[in-house]
Amino acid sequence: LVSGRQARRSRPRNLVGCSAWRQARRSGRGRLTMLLPLLVLAAQAVHVALAPSPSIRARAASARSALRLALPPEEETGPVLVVGSINIDLYAKLREDRLSFGGSPPVDVMPVKGMTLPAASFVEKLDEAGLGGAAAASDPISLVQSIDGPFVQKTGGKGANAAAAAGQTAACEFIGNLGSASSEANTALLADMQQFGGVNTEGCSELEGPTGTAYILQFEDNDNAIVLVGGANQDWPGLASLLGGNEGSGLRAAIGRSSAVMLQREVPDHVNVAVAQCAAALGKDVFMDVGGTDSPLDPALLPYLGVVAPNESELTFITGVETKGPDGKPELQRVRAAVAALKDSCRAAGNPSVEVLVTFGGEGSLHFGAGWDGAGEAAADGALPLECRMGSFVLGTADGRPVDTTGAGDCFRGSYVAARYADGKGVAESLRWAAAAASLACEVEGAMVSMPDRASICERLEGPMVGAPPASPGAPAPQAEMPAGLQPASAWGIGEVSPDASLVQRVEGKSRKTWRFSDLSRERVQVAVSSAGRPVHADIQLWLGPDWTPYTLRAYSEDGKRRPVQTLVGTRCKAAMVEVRNLGESEFPFAAAANYAKDPMASLPIELPASTPGERVDGGALRSFALDPAAGQVEVVLLTDGRQLNARVELLVGPNNPKQSYEVFTNNGELNSLCVAFDTPDAGATVRVVNHAPVEFPCYIHVRERRV
């Protein structure tokens, strides 16, 4: 009775995806409850078949009514409506971050890196880099159209990209304009929106002239700058027609049936004003993606916006408040000042409850709630009341770097809107959902083709996260109160090993990855391995030269997400290579990273034995240590007096249930002591050590519990 796509979308909210339904299935009463809708439907179908119904259509309608009555009641939500731009994207790869126009000498385009700008603003910002200002100002569109290729053509536009992303999470409708002069390309554009998001495009119009064009300039690090030539995106009816005339009737009807409305600024300001006014009058939330131009927000928009969503550069454009410090990186206090200025402007326009969502690329995002005023005591992560911070997910690419960031911001915002307003998720859950979607979009070249489906997003949610929005300069975040005797957790995670994820590598089952180290003044390497909740079987080896491995560590974790592998490896101040081998099957990949350890981590193998009492474990002996139930992490150092170290240390939960283990062998347990950390999410845990060496080779264990 419904299409396969509609069935898949309705199912999580009705049957299989409903947690209450799953709980009901686990009980006898639940099994009867689960069968009740089908029994009612079957009885109704028999009744319909025997009754003299006037038509098959009437019978189907009667059966649908019976099924709706049998299912648990639920409030229906409409589709996300995106009103905005759709473009023909032309990709050009830059050489040495420079661009040429019509065969002219190359111009440095670093001043516009990371920005999305209309042609006039793009040319204006490049004037300082040596572009001919007078000629450029007279006809910036012609100048942009003379950019030297070669180009690769794909589907894009901030509105269309966001709609495709939203459509992967929930139902979505898109309204935009195409140009009849690009009819062949238009067919491909609309087909892509259906293929990569199942988006309803029946409200789109085809006008005279060309479809909008975006020039995607790709830098060598795969970041980009985007230059817009508006085309049909700039050709809309006037404000009065959109609000009350026949030309705007379809748009107004779409707003009425939506769950929320999403806007951006690659269309004229009056279009956004008309849509926002109509949506506010109908009680619909309005989400404003401020990308697409470098101009301030139209004051006429401010009274109607529910969420304003800039990145850190766009936040400066719309407020005039600089968000970056002298080093060019965003600073939290500057970002807060800009958000406060934006909220003041909205409050003066009669809108005191606007939310602000700021994105920082690979560093994550920061949400400021409706009642945020910058006051109150900071939490342990440095967030003030009504601030919600979210990092980013580790990429699954071979080198841990993005393939193409084009459309990643559109993917983040479109996914957030669909998750929050159509799926009904909270702010934090929606931010995490959007971060997972955007990370997947960075792994595929192209904008719309990179929008991930719901199943892929769910899988990525199980993966490790790194990064965080900027913190206050010079002031550490306040620590949570610690129980007596327990210190805060150390920085063992994969995000601490490689904060920018540049050293994170995906290791498939039955394969290996390596990291080389050549600084002879440093003697400790920090290694971290995590998975998306699956088991981890890893072999970590230290290579000194082509054929000497003085240190081998075999690590196991039942759940690489809850209990990641975390260790320090001594390099003996030599040029070294660390190898991480995945001993698991192909369906159990994991992420790994290795980097020189920094203090205090680098000195931990010396500091911990000096500050804690140790216990001697003779060869063949076993020792156990019960952990404090309040401990969330335990650090362990095993060492010898220079003799071999051959031992196993494991984390047990229950009488004999090993959750994680490390088995080490080295010819010198003083130069290469075992230094590891166990995360202990379960109470009642025990650390047990077994010395596998002969009786004449004792080792010494030091244990320190920490609070997470």
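One structure accompanies this document, and this report is about it.

Here's the deal with the nonpolar core
Then, in step 1: Counting residues in each nonpolar core, the largest one holds 73 residues, and the members touching the most others are Leu99, Phe122, Val144, Phe174, Met193, Phe287 and Leu357.
Then, in step 2: At 9 residues, the largest contribution of residues to this core is made by helix α16 (residues 427–441).

Details of the pattern of salt bridges
Then, in step 1: Following the criterion strictly, the structure yields 29 salt bridges and no others.
Then, in step 2: Lysine 158 is paired through a salt bridge with aspartate 410; the nearest N and O atoms lie 2.7 Å apart. One end of the pair, lysine 158, is in helix α8 (residues 158–169); the other, aspartate 410, is in helix α15 (residues 408–422), with 252 residues separating them in the sequence. Pair check on accessibility: lysine 158 and aspartate 410 agree, each one buried.
Then, in step 3: The shortest N-O distance in the salt bridge between arginine 688 and glutamate 650 comes to 2.5 Å.

Digging into the side chain of threonine 686
Then, in step 1: Secondary-structure assignment places threonine 686 in strand β35 (residues 685–691).
Then, in step 2: In this structure, threonine 686 is in contact with Ser624, Phe625, Ala626, Leu627, Glu650, Leu651 and Leu652, ignoring residues within four places of it in sequence.

A look at the environment of threonine 169
Then, in step 1: Structurally, the position occupied by threonine 169 is in helix α8.
Then, in step 2: Given a relative accessible area of 3%, threonine 169 falls into the buried group.
Then, in step 3: In sequence terms threonine 169 and isoleucine 457 are 288 residues apart; their C-alpha atoms lie 8.9 Å from each other.
Then, in step 4: Beyond its immediate stretch of four places on either side in the chain, threonine 169 contacts Ser415, Ala418, Ala419, Asp423, Trp433, Arg454 and Ile457.
Then, in step 5: At a separation of 2.9 Å, a polar atom in the side chain of threonine 169 contacts the side chain of tryptophan 433.

Remarks on the packing of aromatic side chains
Note on aromatic pairs: each is described by the distance of the centres and the angle between the planes.
Then, in step 1: Evaluation of the coordinates by the stated rule reveals 5 aromatic pairs.
Then, in step 2: Ring plane angle 70° and centroid distance 5.0 Å describe the contact between phenylalanine 517 and tyrosine 596, whose orientation is recorded as edge-to-face. Here phenylalanine 517 is found in strand β22 (residues 512–517), whereas its partner tyrosine 596 is found in strand β28 (residues 590–596), with 79 residues between them in sequence.
Then, in step 3: For phenylalanine 517, a relative accessible area of 7% corresponds to the buried category.
Then, in step 4: Note that lysine 113 overlies the ring of phenylalanine 219, its terminal NZ or CZ placed 5.3 Å from the centroid.
Then, in step 5: Looking at lysine 425, its charged tip hangs above the ring of tryptophan 433, at a distance of 4.5 Å from the centre.

Here's the deal with the environment of tryptophan 515
Then, in step 1: By the secondary structure assignment, tryptophan 515 is in strand β22.
Then, in step 2: Overall, tryptophan 515 belongs to the buried group, its relative accessible area being 5%.
Then, in step 3: It is 5.3 Å that separates the C-alpha atoms of tryptophan 515 and valine 578, two residues lying 63 residues apart in sequence.
Then, in step 4: At 3.0 Å, the side chain of tryptophan 515 and the backbone oxygen of leucine 503 are in polar contact.

The rules behind each value
- Residues numbered from 1 in each chain as written.
- Predicted model: local features only at pLDDT ≥ 70, side-chain atom pairs only at ≥ 80, totals over all residues.
- Heavy atoms only, no water.
- Core = buried A, V, L, I, M, F, W, Y, C linked by side-chain atoms within 4.5 Å.
- Buried < 20%, exposed > 50% of the residue type's maximum accessible area, 1.4 Å probe, protein only.
- Helix = DSSP H or I, 4+ residues; strand = E, 2+ residues; numbered from the N terminus.
- Salt bridge = Lys/Arg side-chain N within 4 Å of Asp/Glu carboxyl O.
- Contact = heavy atoms within 4.5 Å.
- Polar contact = N/O pair within 3.5 Å; in protein donor to acceptor, adjacent residues only side chain to side chain.
- Phe/Tyr/Trp six-rings, centres within 6.5 Å; stacked < 30°, edge-to-face > 60°.
- Lys NZ or Arg CZ within 6 Å of the ring centre and 35° of its normal.

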